[in-house]
Amino acid sequence: MWRFIGFRLLQSIPVLLVVITVTFFLVRLAPGGPFSSEKAVIPEVKAALEEQYRLNLPMYEQYIAYLADLAEGDLGPSFKYPGRSVNELIAAGFPVTAELGFYALLVAISIGGIAGIVASLRPNSAQDYIPMSVAMIGICVPSLLMGPILILVFGIYLEWLPVSGWGDMPGDKILPAITLGSTYAAYIARLSRAGMLEVMSQDYIRTARAKGLPEWQVVVRHGLRGGLIPVVAFLGPAFAGLLSGSFVVETIFQIPGLGRFYVQAAFNRDYTMILGATVFLATLIIVFNLLSDILAAWMNPRLRSQYGGR
Amino acid sequence: MLTVENLSVSFVTRMGTTKAVDDISFTVESGKITAIIGESGSGKSVACYSLLGLIPQPPGRIDGGRVMFENQDLLQLKPEQLRKIRGRDIAMVFQDPMTCLNPYMTIGNQLMEPLLYHKQVSQAQARKRALELLEEVGIRDPASTIDNYPHQFSGGMRQRVMIAMALINEPKLLIADEPTTALDVTIQAQILQLLAGLQTKRDIGILFISHDLAVVADIADQIVVMQAGRIVETGDRDAIFRNAHHPYTQKLLQAIPRGGKAVELPATEPLVQVRNLCTWFQSGKTSVKAVDDVSFDVLRGEVLGLVGESGSGKSTIGRSLLRLVPVTSGEVHFDGIDVTALQGRGLKNLRRRMQFIFQDPFASLNPRMTVYDTLAEPLLLHGIENRSTVGAHVLKLMDDVGLARAFVRKYPHEFSGGQRQRIAIGRALATRPEFIVADEPVSALDVTIQAQILELMRGLGREYGLTMLFITHDLAVVRQLADRIVVLQKGKIVEQARTEDLFESPQQQYTQQLLHSIPGRSLMELNA
Amino acid sequence: MDAPTITDIAQAEQGSSLWRDAWLRLRRNRLAVFGLAVLTFFIVIALLTPWIAPYAYAQQQLELGATPPSAAHWLGTDIFGRDMLTQIMYGGRISLAVGFIATSVALLIGITWGAIAGYFGGKVDALMMRLVDILYALPFMIFIVLLMVVFGRNMLLLFLAIGAVEWLTMARIMRSQVQSLRQQEFVEAAISLGLSPATIIRRHLVPNALGPIIVYTTLTIPSVMLLEAFLSFLGLGVQPPQTSWGLLIAYGAETMEEYPWLLLYPGLTLVLTLFSLNFLGDGLRDALDVRGAKD
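So, how was this worked out
Residues numbered from 1 in each chain as written. Chains lettered and ligands numbered in written order. Predicted model: local features only at pLDDT ≥ 70, side-chain atom pairs only at ≥ 80, totals over all residues. Helix = DSSP H or I, 4+ residues; strand = E, 2+ residues; numbered from the N terminus. Contact = placed C-beta atoms within 7 Å. Nonpolar A, V, L, I, M, F, W, Y, C, P; charged D, E, K, R; others polar. Buried ≥ 20, exposed ≤ 12 C-beta atoms within 10 Å, placed from the backbone. Pairing = 2+ DSSP bridges.

> I keep staring at the overall build of chain C and nothing clicks. Help me out?
Looking only at helices and strands, chain C features 11 helices and zero strands. Along its sequence from the N terminus, chain C presents helices and strands in the succession α-α-α-α-α-α-α-α-α-α-α. Dimensions of chain C, computed from the C-alpha atoms along their principal axes, are close to 90 × 50 × 30 Å. A separation of at least 24 residues holds for 70% of the contacts in chain C among residues at least 6 apart in sequence.

> Before we go on, may I ask you to explain the interface of chain C and chain B in this structure?
When the parts come together, some accessible area is lost, and that loss is often what is quoted as the size of the interface. In this complex, chain C contributes 26 residues to the contact, which on the side of chain B involves 35 residues. Counting only elements with at least two residues in the side of chain C that touches chain B, the list comes to helix 1 (6-11), helix 8 (185-193) and helix 9 (197-234) of chain C. Ranked by residue count, the leading element in the side of chain C that touches chain B is helix 8 of chain C, at seven residues. For the side of chain C that touches chain B, the per-class residue count stands at 12 nonpolar, 10 polar and four charged.

> I tried to follow the pairing of strand 13 (residues 303-307) of chain B on my own but got confused; where do I start?
Side-chain direction in a regular strand flips from residue to residue, so the side chains alternate between the two faces of the sheet. Residues and elements named next belong to chain B. Across the five residues of strand 13, five count as buried, placing the element largely inside the fold. The alternating pattern of strand 13 places V303, G305 and V307 and L304 and L306 on opposite faces, both of which are buried. Here five bridges tie strand 13 to strand 18 (residues 467-472), and the two strands are oriented parallel to one another. Residue pairing in the sheet places G305 in a bridge with F470 of strand 18.

> What exactly am I supposed to notice about the interface of chain C and chain A here?
Across the contact, 30 residues belong to chain C and 37 residues belong to chain A. For the side of chain C that touches chain A, the secondary structure elements donating two or more residues are helix 5 (122-137), helix 6 (140-150), helix 9, helix 10 (245-254) and helix 11 (261-288) of chain C. When residues in the side of chain C that touches chain A are grouped by element, the largest group, seven residues, is from helix 11 of chain C. Classifying every residue of the side of chain C that touches chain A gives 25 nonpolar, three polar and two charged.

> Sorry, what's going on with the environment of N148(B) here?
Residue and element names in this part refer to chain B. Residue position: N148 is located in the loop between helix 6 (142-145) and helix 7 (155-167). Considered as a pair, N148 and V137 are 11 residues apart in the sequence and their alpha carbons are 17 Å apart. Excluding residues within four positions of it along the chain, N148 makes contact with T106, I107 and F153.

In C-alpha cells:
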C-alpha cells in the first residue's frame, strides 16, 4: 500500500510541474502588460514597479525565481491590490470556498448515496424511478440555473431563506450548498445505483443469501463495500468539479470566496493572482485525486495486497 | 428427508411466460446423494434455487407444488422463517468458487458469518470452529490463512472454503450446484472425494446438480434426469446406468466419451516438427514460462492430442504454432518451412495451409458479420473464389458442417453454441488447410452437442485429409479422437505415447494421477 | 445433394443484425424517442433560424422594454425590447454548434489516440496513456477560464479548448474497447486467416467498438454544452453581440425578480435539450447494451 501511495505521489510531481510551467508561460503570453490600463505612469514608478514584479528580468529568470519563491510557499504580490500578496488573498477566500465545498460534498454524498442505494434495492419499481428521475433533473438543471431558481422560489417568493451572503444571516449557507451539491448528488446517485446493481447481481451475494442472512445484512455487509468503490473513486473528480462549480455559485450568491476572487482576477487581469490561484487549486485537486484513488484502492483487498502489505 | 412434489416454476418476462420447471417430484434421503442431471436450460438449477426461495421474484414465479422438509412446506414459509433454515439446516455450495466468495471480506469472517447469525456463539468460539473446519476440508495451516482474502487462494482451495462454509452449521441437507465444473480434473477428483467423505462421516443428505453424468456416476445413490423443465427419468444409480428407459437418458449415456479410436495409423513422415519451443510472457519484471523447451512431431494424417490442466501451456503451444503469440525461442517446421521466421506474404500463404478452431464459439465469431461474410472472408482473401463464385462455395461449406442453407444470412447471436461451433469449423476449413489446431473445441458445449461436434470433426478430418492438433483437458474426449497423446504440465512435456499405450501403461506419476482423476471410472466398470 | 446455387443466398431468410436489434430496442424506449425527436426539432430550427426567426436578431425596441409573452412576442421581450424567441433561436445556434463541434474535435482526437494505444499496446500504449493520466489530473475547468482570459473570448478557441478537455475519456473508452476486442477470439481468428492489420481494424474492430463510442458521444454533447453555458454565464465565453443560452440565462438571472420569463424560457430550452441528449444517451446505452460508458 505504501508503495502505491509513494508511486502516486511521485507521479504527481511532474503533473504539478507541468501545471506550474504551463500556467506561468500562458499568463506571460497574455497580450497587454499588467499596467497598460493605467495611463501615464511616471517612468521611475514604472521601473520601480517592474522591479518589484521582476518584469525587468528575462523570462526564464522570472520563471526560476517564481519556482524558488513557490518552493517556499510564496505566491508573490498581487498586481491589482498593491501591498497585498496572493497568499493573503487566497488565505482570505479559501476558507469560505472550503466550507462551501464541504457542505456541498456532504449534500452530494448523503443525498446521492442514499438515493442511489435505495433505488438499486428494487430496480424498475417506483422506488427506483422516482429518485432516478430526480437525479436526472439534478444532472440536467445546471447550477447556473438551479441557483437563480432556488433564490426566486425560496428567497423571493417564499422568503424562507436569504438570497445572498455567507455567514451574515442564519440559513444563508443552505441555498449555495444545495446549488453546488445538487449536480454531484445526482451523479453519485447514478454511480452508486449502478455500482450496487452490479454488485448485487454477483454470485457472492447469492452465497450470502444462501447463508440465511437477512436482506439488510446482505446489503450492508456484502453489497456496500464493492458497490461504493466507484463512488469513492469519483470523489476526486467531483472535488475538482466542486471547486470550479464554486465560481458560478459564489458569483450567484455573492459569496466572498476564492472562486469569486478568481473570476474577478480573470476580469481584472490580475495575472499574479490568476497564476497563484491556479497553482493552488491545481495542487489541491491533485491531492484530492490522490486521496480518492488511495481510498478506492485501499477498499479493494486485491489491489491492497498487490502493492504489498496492509 | 426432503420431498419435492409437483413443483412448477416459471419466468414471466416481457416476451411472455416460460416454464422453467414443470411439475417435478423427487426425494433426497438423509445420508444419501441424489443427483439431478441435465443440460443447460433444463431447469435443474432453477428447481434447486426455488426450494430455498433464492430465485428472484419477479421475474421468477412458483406456480405450485410442495417441498416438504422436516414436516413443513418450504414453499409456504414466510421469508424470515425460510431464512432461519437457509444456512442452518440446508446449506449450499455453488459452481464457481472464484465469484461465489466475497472478494472484500476475509474468508474467516465469511466462514463465521452463518454460525454467528444462526447460533448464539461468541466470536472466539466461532473462530475456533472455523479453524477446525478449514482443517477438516484440507486447508493447510488454517491459523495463518484464515485472515486471508479469497484472491489469495487457488480455485480448488476456494471450493474447499465454500464447502467448509456450508458445513459450519452442521446442516442436514447440502445442495451442491455443479461444485466441480469450474475446476481442473485432478482437483475435481479431490473435491468429489472430499464431499463423499464428509457425507458418509456426517450422515447428511446431498442434492448434487450436474450436467455431467460421468461426474455423478462415482458418488450418486439416486439419479434424476431432467430435460426442458421436466423429469424424464428417475432411478437408483445402477438402474439408470444399466438399463435406462428414456431415449434422452440413453442419449446422455451414449454421449459420455468412452473407448478409444481404432488404430489406423500408418507410419508417416512428420508434417509439423516442434523443436525446443519456448514462449514466455513478460509480466512486470518476471517472465512467465508458459511453454518451456517443448519438442514434438505431428505426423501427417494423424490426430495428436495435447493434454494438460489449466496453466499447462497447452493453448499457448497451439497459438505459438500458428504465430498468434510471439515465440521466444525454438523452431517450428511446417512441411519443411520454418514458421517462426516467416514474414509478410510467406506468412499469409502459410496461414492458408494451417487453421485454428477456438474454444468459445460465442467469442470466436465477429458478432457484426453474417455467416455468409464470415465464411466468404477467407475464400476471397486467399483468392480461392471471386465475388461471383464465392456464394456457391459458402453454401457447400454450410452443407459440409451441417448447417441449413437458409441460415446463411443470419448473425452469430441467432445461433446456439453448437451451431456457432459449426460455423467456426466451416471458416477454418474454407481454405482447405492441411493442418488444424483445435483448442478445446467442445468444452464449452453441452454433452450431447459435444458428441455431435466430435463426430463432425472426425468425419471432416477424414474427408479433408486433415492433420490435427487437438488440445484438451479432457482425457476421455481425447482418447476417442487421438492417435497419439502428449501430456503437459506447467509448460513442459511429461510424457508422450500412442493413445492406447498411454491409457494402459502410463509411465509418469502425473499421467497416472490424471488418468485416475477421470470421472466415471465406476461407470466403465459397470459397463465392463 | 444438389449443387448449391447463388439464388439460395438471395432466398435465404434475412438475419437480424445487432444494429437492427438495437434500433428496435431504442424505438421501444419512449423517453429516448422523445429525446431524439426534440433534438432533431431543435437542430432543424437552429439551421433554419436566419430564415424563420420572427424578428431580426439585432432589432431593438427600447420604448417597448421588457414585456411578458404576448401574441406579437410569444416568449416576451427583454429589457431592450428584443424578441426573446429570436434571441433563444440565435443563441441555440451557438450553444448547439459548441456542443457538436467540440464533441467532434474530442471524438476525432480521442478515437485516434485510443485506437493507436490500444492496438499497438506495450510501450506505445504505456507512454500514450500515461500522458492521458497526467492530463486527467489537470484542473481543466480552471485552465479554460485561464485560456479565455489570456486569449480573449475567441469562439474558435472556445471550441478547441472544450474539445481538448473532453477527448481524454473518449480515448480511454476507445482504448479499452480495442484492447478487449483484440483479445477476442474472432480477432485471433482473423489473424490466423491471414488478414492484414488494416483490414482487421476496419472489418473486425471498428464496427464492434462503435456502440460505446456512439453512446459516449451522446453523453459528451450535453457536458460540453454545459461547459459553454458555464463560461458564458461567468462572462468568459460568448460575448455580445453574439449570444448563447448560457449568456441569456446570465442576463435573465440579473432581472429575474421583475421579469422571470427572461430566465425561465432560455433556462427551459437548455434543460430540455440536456434532458433530450441524456435520455437519448441512456436509451442508446440500453439498446446497444453498453456497460459503464459514463457512470
